[in-house]
Amino acid sequence: MPPALLNTDTKLHPVHQESGIPEFDVFIAGSGPIGATFARLLVNAGHNVIMTEIGDQDTRVPAAHKKNEIEYQKDIDRFVKVIQGALSTVSIPTSSTVVPTLDPSAWVANDPKQMIITNGRNTFQAEHNNLGAEAVTRGVGGMSTHWTCATPEFLKGIERPKIFPDSEAKDDEEWKLLYQAARTLIGTSEHEFDHSIRHNVVLKALQEAYPDRGVKALPLACHRIAEGSPYVQWHSAENVFEDMFTDPNKKNADGMKRGFFRLLTNTRCTRFALEANTHPYKIGAAEVKDLLLDRLFPDPSLTPNFYIRAKVYITAAGAVATPQILAKSGFGGNRGSDGIIPNLGTHITEQPMTFCQIVLRQNLVDDIAKNLPQKPDWWRKAVEHHIAAHGKTDPLPIPFHDPEPQVTIPASKDFPWHTQIHRDAFSYGEVGPRVDSRVVVDLRFFAMQPGVRKNRIVFEDDISDAYGMPQPTFEYTPSREAALAATRMMNDMTDVANKLGGYLPDSNPQFMTPGLALHLGGTVRAGHGSELDESVANYNSQVWHFSNLYVGGNGVIPTPFGANPTLTSICMAMRSAYKIHQDLKAKNLTPALPDKDVITPTPKEWLAWAFNKDDPNFPNHNRTLHRHV
Ligand SMILES: Cc1cc2nc3c(=O)[nH]c(=O)nc-3n(C[C@H](O)[C@H](O)[C@H](O)COP(=O)(O)OP(=O)(O)OC[C@H]3O[C@@H](n4cnc5c(N)ncnc54)[C@H](O)[C@@H]3O)c2cc1C
């Protein structure tokens, strides 16, 4: 498919007229936490930004975490269904039209070898090398409206990409700055579960069993609503947008008014159109489709397709849709010739995942109410109060509202996998009425797979997904080394599980369907000038050979990783936003050229808002508590 070129017949989107801005500074596809990071930093620096989101706003406040609703705070298992509903599987192999148990008089295909191809089934997808559970979430806030909020740092030397490969000190310094700012932006803490009995039981048992493995609280983007409260506020893209929707006139620390910002929902970024004869390549417009106009006013004289024009274009549509938009633009990633982005979708990374649930050991539970005077005050009071109020009917000494455990054994060189030892909701693993949820602990272990060329996501020219974009097909097989590491991880998980309790029936140790971690990486991977033949963008997340095209999200991460990637992707986006800011300020769009690839440290001033509580843009996570309207 040749690259899409600017077409003078396509109308400009009405937002240009409504805003009075003929050309925006920045166009962003996708309203997840990464698109939000780009938007916040650039708008606060005075640039005007237009963002489009293919999905709708389905929370009262844009991009809010749905788990904050009281219904799920009271019963975490109910949230499993919300996650299931939010996930659309990316690629489903075709299936047989023959259903052996169907009434024999019902319709059957003439040729029983024919397959069912509707409902997102992909004729190109093989069973054996699929990421069968890889999914996307369409809606304002993206996947952060349901994520677990685990925000660990990547392990240096294995997971953490090398922005400055020639200087370890410079690289450490850059990551320290980026991680600190990212943690403040998303509001990460390791102390919100300090006053949970179960958390301390699990933490202590594992610290005693594995004194050298750095067992600690899982870093989570959330805050406890008040001391002693059973409720936390989970953070999401809402916290990144913060007051962008409500305070358009806010000024930054330099007294500069924030730039215009508008989010267009139900608006698909279809593709980018190149300005003709530009080398380095220059995007002239983003072609968008107004899905509401298309659905509600199907007037053939009204086309729902528009151009949005901007100086700089960012694709932050998730690890699948980011390369998908570039493939639809005719830049590469399909089965034909290489295209102008030859590595699009190659070298993908995935996380083999193991899971089990245990019921805590008798002695661990019994110890909770023993030697109470030696326990911390809050613990003693909570247990005494619980036993006094419910001791006659409740067989457990654990208060009903005791927060859940949130523990991790961080990845290390000897144990290169990420671990979550906690109680939380995913698209699987609800406890239901089988057993009291207070004594159940979930173990989720995530291994790593380095990116290799043959592991890829391909975008089909001939079939489309449900949203009219090229259908993705996965070709992924774990390498031998990664496969062996996954076995070691399984053994480690069972060892850890045995320290804590016995397996919950039906939740025995198991490998999960590939893709289930939802941490697909490498689809638009970053690289240095010397890695041109395996990368899509440079370490400013700027696509090679383009002067005004940037990518964001987990797809940019080129390294294998087991840890949850969103915090690191926020870091990469904050770096990239600085490069964009510099170009816009200088009115000079400098291209990403491998032979002239100069990567510089992010200046501390760019992220100063994150280090000064008096800065007007210092993140205030408390403002996201909503009252009645
Ligand atoms: C159950 C679950 C648990 C998770 N737990 C964690 C965790 O603990 N820690 C962690 O780090 N990560 C976790 N994740 C993953 C995390 O949510 C993602 O890493 C993160 O949301 C990625 O941010 P993003 O902005 O790059 O992409 P997304 O959040 O996927 O947002 C992309 C947005 O782009 C939109 N879009 C797609 N195509 C188009 C188009 N053509 N035009 C316009 N818009 C488009 C989508 O609708 C979406 O809203 C979890 C996810 C799930 C579902």
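Residues numbered from 1 in each chain as written. Predicted model: local features only at pLDDT ≥ 70, side-chain atom pairs only at ≥ 80, totals over all residues. Heavy atoms only, no water.

*Asks:* Which residues make up the overall build of the chain, and what are the values?
*Replies:* Helices and strands together make up the secondary structure of the chain, namely 13 helices and 26 strands. What you see for the chain is a C-alpha radius of gyration of 25 Å, in line with the 25 Å of a compact globule of 629 residues. With the C-alpha coordinates of the chain rotated into their principal frame, the extents come out at 80 × 75 × 55 Å. Classification of the 629 residues of the chain by burial places 57% in the buried group. Pairs at least 24 apart in sequence give 76% of the contacts found in the chain among residues at least 6 apart. Of the roughly 26,700 Å² of accessible surface on the chain, 52% is carried by carbon and sulfur atoms. (Helix = DSSP H or I, 4+ residues; strand = E, 2+ residues; numbered from the N terminus. Rg over C-alpha atoms; globule rule 2.2 N^0.38 Å. Buried < 20%, exposed > 50% of the residue type's maximum accessible area, 1.4 Å probe, protein only. Contact = heavy atoms within 4.5 Å. Areas by Shrake-Rupley, 256 points an atom, 1.4 Å probe, with all protein chains shown as cover.)

*Asks:* If you had to explain the sheet that holds strand E14 (residues 267–274) to someone new, which residues and values would you point to?
*Replies:* Read across the open sheet, the three strands follow the order E14-E15-E16; overall the sheet is antiparallel. Among the strands making up the open sheet, the edge pair consists of E14 and strand E16 (305–308). In this sheet, adjacent strand axes meet at a mean angle of 30 degrees when their direction is disregarded. As paired strands, strand E15 (residues 283–290) and E16 are joined by four bridges and run antiparallel to one another. Among the inter-strand pairings, Lys289 is bridged to a residue of E16, identified as Asn305. (Pairing = 2+ DSSP bridges. Axes fitted to C-alpha atoms, helices over the stretch in contact; angles between N-to-C directions.)

*Asks:* Go over the site of the ligand, please, and point to the residues and values.
*Replies:* Residues in contact with the ligand amount to 36 residues; listed here are only the nearest, Glu53, His146, Ala150, Asn554 and Thr566. At 2.9 Å, a backbone N or O of Met143 approaches an oxygen atom of the ligand. Measuring from an oxygen atom of the ligand, one finds a side-chain N or O atom of Thr566 at 2.6 Å. Computed on the free molecule, the ligand has an accessible area of 990 Å², of which 96% lies beneath the protein chains in the complex. Counting residues per element, the ones that place at least two in the shell around the ligand are helix H2 (33–44), E14 and helix H9 (318–328). A class-by-class count of the residues in the shell around the ligand yields 16 nonpolar, 17 polar and three charged. (Near = heavy atom within 4 Å. Polar contact = N/O pair within 3.5 Å; in protein donor to acceptor, adjacent residues only side chain to side chain. Nonpolar A, V, L, I, M, F, W, Y, C, P; charged D, E, K, R; others polar.)

*Asks:* Describe the side chain of Asp424, listing the residues and the values that go with them.
*Replies:* Looking at the element boundaries, Asp424 is found in the loop between strand E20 (418–422) and strand E21 (440–446). Exposure remark for Asp424: the relative accessible area of 1% places this residue in the buried category. A polar contact is formed between the side chain of Asp424 and the side chain of Gln406, at a distance of 3.4 Å. Once you skip the residues sitting within four places of it in the chain, Asp424 turns out to touch Lys67, Ile76, Thr148, Gln406, Asp442 and Arg444.

*Asks:* So what about the pattern of salt bridges? Which residues, and what values?
*Replies:* Here the idea is simple: oppositely charged side chains can pair when their charged atoms come close. With the rule as written, the count across this model stands at 37 salt bridges. Residue Asp436 pairs with Arg438 through a salt bridge whose shortest N-O separation is 2.7 Å. For the salt bridge of Lys499 with Asp495, the shortest nitrogen-to-oxygen distance reads 3.3 Å. One end of the pair, Lys499, and the other, Asp495, are both in helix H12 (residues 480–500), four residues apart, so they sit about a helical turn from each other. When its relative accessible area of 34% is taken as the criterion, Lys499 is described as partly exposed. Linked through salt bridges whose partners overlap, the residues forming this network are Lys156, Arg160, Glu168, Asp171 and Asp172. (Salt bridge = Lys/Arg side-chain N within 4 Å of Asp/Glu carboxyl O.)

*Asks:* Break down the sheet that holds strand E12 (residues 232–234) for me, citing the residues and quoting the values.
*Replies:* On the basis of which strands lie adjacent, the open sheet formed by three strands has the order E9-E11-E12 and antiparallel pairing. With one partner strand each, in any of the chains shown, strand E9 (188–189) and E12 form the two edges of the open sheet. Of the pairings in the sheet, the one linking strand E11 (residues 220–224) to E12 comprises three bridges and is antiparallel in character. Among the inter-strand pairings, His223 is bridged to a residue of E12, identified as Gln233.

*Asks:* Tell me about the UniProt feature "domain: Glucose-methanol-choline oxidoreductase N-terminal" (unreviewed entry) in the chain, and please be specific about residues and values.
*Replies:* According to UniProt, the positions carrying the feature "domain: Glucose-methanol-choline oxidoreductase N-terminal" (unreviewed entry) are residues 262–347. Annotated as residues 262–347, this span is 20% helix and 34% strand, and its ends, taken at the C-alpha atoms, are 34 Å apart. (UniProt positions renumbered as here; feature names shortened; annotations may be inferred.)

*Asks:* Now, about unusual backbone geometry: what can you tell me, with residues and values included?
*Replies:* At the junction of His279 and Pro280, the peptide bond is cis and its omega measures out at -5 degrees in the coordinates. Here Pro280 is to be found in the loop between E14 and E15. Phi angles above zero are rare outside glycine, and Cys149 is one such case at about 75 degrees. Inspection of the secondary structure puts Cys149 in the loop between strand E8 (135–136) and helix H5 (168–186).

*Asks:* Please give an account of helix H6 (residues 197–209) that cites residues and values.
*Replies:* Since there are 3.6 residues in each turn of an α-helix, residues three or four apart along the chain are aligned in direction. Here H6 is 13 residues long and its end C-alpha atoms lie 18 Å apart, about the 18 Å a rise of 1.5 Å per residue gives. Listed as buried for H6 are Ile197, Arg198, His199, Val201, Val202, Leu203, Ala205 and Leu206. (Expected span 1.5 Å × (residues − 1).)

*Asks:* Describe a nonpolar patch on the surface, listing the residues and the values that go with them.
*Replies:* Judged by side-chain polarity, Leu292, Leu296, Phe297 and Leu302 come together as a nonpolar surface patch covering roughly 350 Å² of accessible area. Of note, Leu302 is situated in the loop between helix H8 (291–296) and E16. (Patch = residues over 30% accessible without salt bridge, like charges linked within 9 Å, V, L, I, M, F, W, Y side chains within 5 Å.)

*Asks:* Can you explain the nonpolar core? Please cite residues and give values.
*Replies:* Core analysis: the biggest nonpolar cluster contains 111 residues, and Phe27, Phe272, Ile314, Phe331, Phe546 and Met574 have the highest contact counts within it. It is helix H13 (residues 566–586) that provides the largest number of residues to this core, a total of ten residues. The next biggest cluster of nonpolar side chains, apart from the first, holds 34 residues, and it includes Ile197, Ala205, Trp417 and Ala497. (Core = buried A, V, L, I, M, F, W, Y, C linked by side-chain atoms within 4.5 Å.)

*Asks:* Which residues make up the packing of H6 against H12, and what are the values?
*Replies:* Between H6 and H12, the shortest axis-to-axis distance is 10 Å and the interhelical angle comes to 120 degrees. Taken as axis vectors, H6 and H12 run oblique relative to one another. In this structure, the crossing between H6 and H12 has a hand that is right-handed. Residues Val202, Ala205, Leu206 and Ala209 of H6 form the contact with H12, whose participating residues are Val496, Lys499 and Leu500. Split into classes, the residues belonging to the contact of H6 with H12 amount to six nonpolar, no polar and one charged. (Parallel < 35°, antiparallel > 145°, perpendicular 65-115°, else oblique. Left-handed = near helix turned anticlockwise from the far one by under 90°.)

*Asks:* How would you explain the packing of aromatic side chains if you had to name every residue and give the values?
*Replies:* Tallied over the entire structure, the rule returns 16 aromatic pairs. Aromatic side chains Phe245 and Phe261 sit 5.6 Å apart centroid to centroid with 55 degrees between the ring planes, which places their arrangement in the tilted category. With Phe245 in the loop between helix H7 (237–241) and strand E13 (261–264) and Phe261 in strand E13, the pair connects residues that are 16 residues apart, well separated along the chain. Among the aromatic residues, those joined into a ring-pair cluster are Phe27, Phe272 and Tyr313. Lying over the aromatic face of Trp609, Arg40 brings its terminal NZ or CZ to 5.8 Å of the ring centre. The ring of Trp234 has Lys67 sitting right over it, with the charged end atom 4.1 Å from the ring centre. (Phe/Tyr/Trp six-rings, centres within 6.5 Å; stacked < 30°, edge-to-face > 60°. Lys NZ or Arg CZ within 6 Å of the ring centre and 35° of its normal.)

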